Amino acid sequence: MSGIKIIAKNSKAHFEYIILDTYEAGIVLMGTEVKSLRDGRCNLAEGYVVENNSELFLKSVNISEYSHGNISNHLPLRDRKLLLKKKEIQAIKRSIKEKGNTVIPLKIYLKGSLIKVEIALCKGKKLFDKRETVKDRDNKRDIDREMKQRG
């Protein structure tokens, strides 16, 4: 297969959550959704994953309507089924039942000709954890700046 092309990325995920585990999942899409994703028209910011009848569904991910679509265009915020192995689904179901754990999409990307979603099992950060993240990021930036100046 050819390389990976990232279509959309959840940039706030690493700031808002502590990432415990990640999974690569396939996604069930309609034709106009695929065309819209190839144009890069997707927003993962509000997305999350829910379990229903031993299946996982991606909710609140906005894939904009395809601009050249007709009357059979897709709904932008519809639920989309995720394709994972049964063992992975069982592990995610067990983890979701723990208090404070959630599953969110990190990125949607093309892997060869297939569209994949990277989902992450996460735990929400507290305010002091977010402050710590900002402080670490600023310190790393200062160190990199000093290293660049000294050659």
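Scroll up to find the structure.
Think of each chain on its own: its residues are numbered from 1, step by step along the sequence as written. Reporting of local features is limited, given that this is a predicted model, to residues whose pLDDT is at least 70; pairs of side-chain atoms are given and counted only at 80 or more, and all residues count toward the totals for whole chains, interfaces and linings. As a rule here, side-chain values cover all heavy atoms of the structure and leave hydrogens and water aside.

**Considering the sheet that holds strand β4 (residues 48–52)**
Here we have seven strands laid out as an open sheet, ordered β1-β8-β9-β2-β7-β5-β4, and antiparallel in their pairing. Where the open sheet ends on each side, the last strands, each with one partner, are β1 (4–9) and β4. The average undirected angle you get between the axes of adjacent strands in this sheet is 45°. The pairing criterion is simple: DSSP has to find at least two bridges between the two strands. Here a helix means four or more residues in a row that DSSP labels H or I, a strand means two or more in a row labelled E, and each is numbered from the N terminus. As defined by bridge partners, strand β8 (residues 101–111) adjoins strand β9 (residues 114–124) across ten bridges and the pair is classed as antiparallel. In the strand pairing of β9, tyrosine 109 is matched with lysine 116. Contacts are assigned to residue pairs with any non-hydrogen atoms lying within 4.5 Å of each other. Each axis is a line fitted through C-alpha atoms, taken for helices only over the stretch in contact, and angles between the N-to-C directions span 0 to 180 degrees. This element, helix α3 (residues 86–96), spans β2 (17–27), β4, β5 (55–59), β8 and β9 of the sheet and lies at about 145° to β8.

**Here we look at the nonpolar core**
Remark: nonpolar core denotes a set of buried residues (Ala, Val, Leu, Ile, Met, Phe, Trp, Tyr, Cys) joined through side-chain atoms within 4.5 Å. Buried, partly exposed and exposed residues are distinguished by accessible area as a fraction of the type maximum, computed with a 1.4 Å probe on protein chains only: under 20%, between the cut-offs, and over 50%, respectively. Membership of the largest hydrophobic core comes to 24 residues, with the highest contact counts inside it found for Cys42, Leu82, Leu84, Ile108 and Ile119. Within the residue set of this core, elements represented by two or more residues are β1, β2, β5, α3, β8 and β9. With four residues, the single largest contributor to this core is β9. Sequence-distant contacts of isoleucine 119, defined by excluding residues within four places in its chain, comprise Asp21, Thr22, Tyr23, Val49, Leu82, Leu84, Ile92, Val103, Ile104, Pro105 and Leu106. In this structure, Ala13, Ile104, Leu106 and Ala120 belong to the second largest nonpolar core, which totals five residues.

**Some remarks on the pairing of β5**
Across five bridges, the pairing between β4 and β5 is antiparallel. Note on β5: the bridge partner recorded for glutamate 51 is leucine 56. Between β4 and β5, which pair antiparallel one after the other, the connecting turn spans two residues, and asparagine 53 there sits at a positive phi close to 55°. Bridge count between β5 and strand β7 (residues 80–83): three bridges; the pairing is antiparallel. Residue pairing across strands places leucine 56 opposite leucine 82, the latter belonging to β7.

**Points about unusual backbone geometry**
The phi angle at serine 54 is positive, at roughly 60°, despite the residue not being glycine. Inspection of the secondary structure puts serine 54 in the loop between β4 and β5. Here serine 54 falls in the partly exposed class, since its relative accessible area comes to 39%.

**Points about the pattern of salt bridges**
For this document, the term salt bridge refers to a Lys or Arg side-chain nitrogen within 4 Å of an Asp or Glu carboxyl oxygen. A full pass over the atoms with the stated rule returns twelve salt bridges. We note a salt bridge from lysine 130 to glutamate 16, for which the minimum N-O separation is 3.0 Å. Here lysine 130 is found in helix α4 (residues 127–150), whereas its partner glutamate 16 is found in helix α1 (residues 13–16), with 114 residues between them in sequence. Its salt-bridge partner being aspartate 142, residue arginine 145 comes within 3.4 Å of it at the nearest N-O pair. Linking arginine 145 with aspartate 142, this pair stays in helix α4, spanning three residues, or about one helical turn.

**Some words on the environment of lysine 135**
Along the chain, lysine 135 turns up in helix α4. On a C-alpha basis, the gap between lysine 135 and isoleucine 18 in space is 16 Å, while along the polypeptide they are 117 residues apart.

**Regarding α3**
Where α3 is concerned, the buried positions are Ile89, Ile92, Lys93 and Ser95. Buried residues in α3, looked at end-on, bunch into an arc of 165°, giving them a common side. Pointing more than 90 degrees away from the buried face of α3 are the exposed residues Lys86, Lys87 and Arg94. Lining the buried residues of α3 we find β2, β4, β5, β8 and β9. Directions are taken from the helix axis to each C-beta atom, and the arc is the one they span.

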